[in-house]
Amino acid sequence: MMLLISIKKNMQNKMKKRAIIKLFWESLKLYRVWTFTAWARTEERFARTTLGSLWLGLSNLLSISLLSIVYGTVFKVDNFSEYVVYLGFGMVLWSSISTSIGSAPNILLQNEIKIKNTNTNILFYPLEEWWFQLHNFFQSFLIVFLGLVFFDRSIIFHFLFNSALPLLNFILFMFWCPLLICLLGVRYRDIYQLIPILLQLTFLLSPILYLKENLGSLLWIVNLNPIYLIISQFRDSIISANNNYLEYFITLLINIIGIIISLLYLKRQRNLIPFLL
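(A) Just the overall build of the protein chain, in detail. When its secondary structure is counted, the protein chain shows 13 helices and zero strands. Each helix and strand of the protein chain, ordered N terminal to C terminal, gives the series α-α-α-α-α-α-α-α-α-α-α-α-α. Against the globule reference of 19 Å for 277 residues, the protein chain gives a C-alpha radius of gyration of 21 Å, in line with a compact fold. Over its C-alpha atoms, taken along the principal directions, the protein chain stretches across nearly 70 × 55 × 35 Å. In the protein chain, which comprises 277 residues, the proportion classed as buried is 44%.

If you want it as structure tokens, here you go:
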């Protein structure tokens, strides 16, 4: 009897794995569609502007310039060039990841009509939003990176040889975290109100504008901040040659687990989502 139960559970687990893989694979086969629609959204956003999507990077550069002057003076930094690079990468990474999380609760709500009237795989919409955010991130990051090269040329070498795994972790986190939030946001509408508050508190508690050493006895807060850990690993890999590959691989494992949990929850809620919208 116990053997039959064990066999049944194993079969159910295999069926779940196959269903998840099928769900993800069906969405990936539509990559030409969701990559194009994401690109089209960016083009529409900057239609009839002279500089187009260059504004993504230029706006960040302007913010970084002003904040560096103000907070560099407030904190009385010893090396202004190092501080500009530190703050610059922190701001551009925070801006991208906070925007993707902040828009997550509305991903499915904004596509309510399409979800209810078509049989398109629901994962299509989070993937489209993910690619849209990545498209904006890379455009903004490239311009900021080129601007910060004037303060520290060694970041070119560090980025090319040290940042592959932290960048991958950053990209994966930008996929599964907003996906999970958007699925929860369909059922629990309070998340839409909660996310902006949490993001604001997270920003204030994250060493983005200041060094983490300035937290003193509150340094333990940093280790409980997953968003900052993703940002700091990527930023530190660019700024310095000191890489903790054990941390990188642990973060990668956490990202993989996060993706699996998100897809499992999507599979569980997929048939209910049209009725919850």
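(B) Up close: the nonpolar core. One finds I97, I101, L108 and F141 to be the most contacted residues of the largest nonpolar core, which totals 69 residues. Those elements giving two or more residues to this core turn out to be helix 4 (80-103), helix 5 (107-110), helix 7 (124-148), helix 9 (164-187), helix 10 (190-205), helix 11 (226-239) and helix 12 (245-269). Looking at this core element by element, the count peaks at 15 residues for helix 9. Not counting residues up to four positions away in its chain, the partners in contact with L108 are I115, I122, Y125, P126, C182, L183, V186, I273 and L277.

(C) Representation of the pattern of salt bridges. Per the stated rule, a full pass over the model turns up one salt bridge. For the salt bridge of E112 with K116, the shortest nitrogen-to-oxygen distance reads 2.8 Å. Within this pair, E112 and its partner K116 are both found in helix 6 (residues 112-117), separated by four residues, close to a single helical turn. Residue E112 is classed as partly exposed on the basis of its relative accessible area, which comes to 28%.

(D) Fine view of the packing of aromatic side chains. According to the stated counting rule, one finds 20 aromatic pairs in the structure shown. Considering the side-chain rings of F141 and F234, the 5.7 Å spacing of their centres and the 20 degrees angle between planes classify their relative orientation as stacked. Residue F141 is located in helix 7, and its partner F234 is located in helix 11; the two are separated by 93 residues in the primary sequence. Both residues of the pair, F141 and F234, count as buried. Grouped by ring-pair contacts, the aromatic residues F89, F137, F138, F141, F145, F159, F170 and F234 constitute a single cluster. Note that R235 overlies the ring of Y86, its terminal NZ or CZ placed 3.7 Å from the centroid.

Reading guide: rules and limits
Residues numbered from 1 in each chain as written. Predicted model: local features only at pLDDT ≥ 70, side-chain atom pairs only at ≥ 80, totals over all residues. Heavy atoms only, no water. Helix = DSSP H or I, 4+ residues; strand = E, 2+ residues; numbered from the N terminus. Rg over C-alpha atoms; globule rule 2.2 N^0.38 Å. Buried < 20%, exposed > 50% of the residue type's maximum accessible area, 1.4 Å probe, protein only. Core = buried A, V, L, I, M, F, W, Y, C linked by side-chain atoms within 4.5 Å. Contact = heavy atoms within 4.5 Å. Salt bridge = Lys/Arg side-chain N within 4 Å of Asp/Glu carboxyl O. Phe/Tyr/Trp six-rings, centres within 6.5 Å; stacked < 30°, edge-to-face > 60°. Lys NZ or Arg CZ within 6 Å of the ring centre and 35° of its normal.

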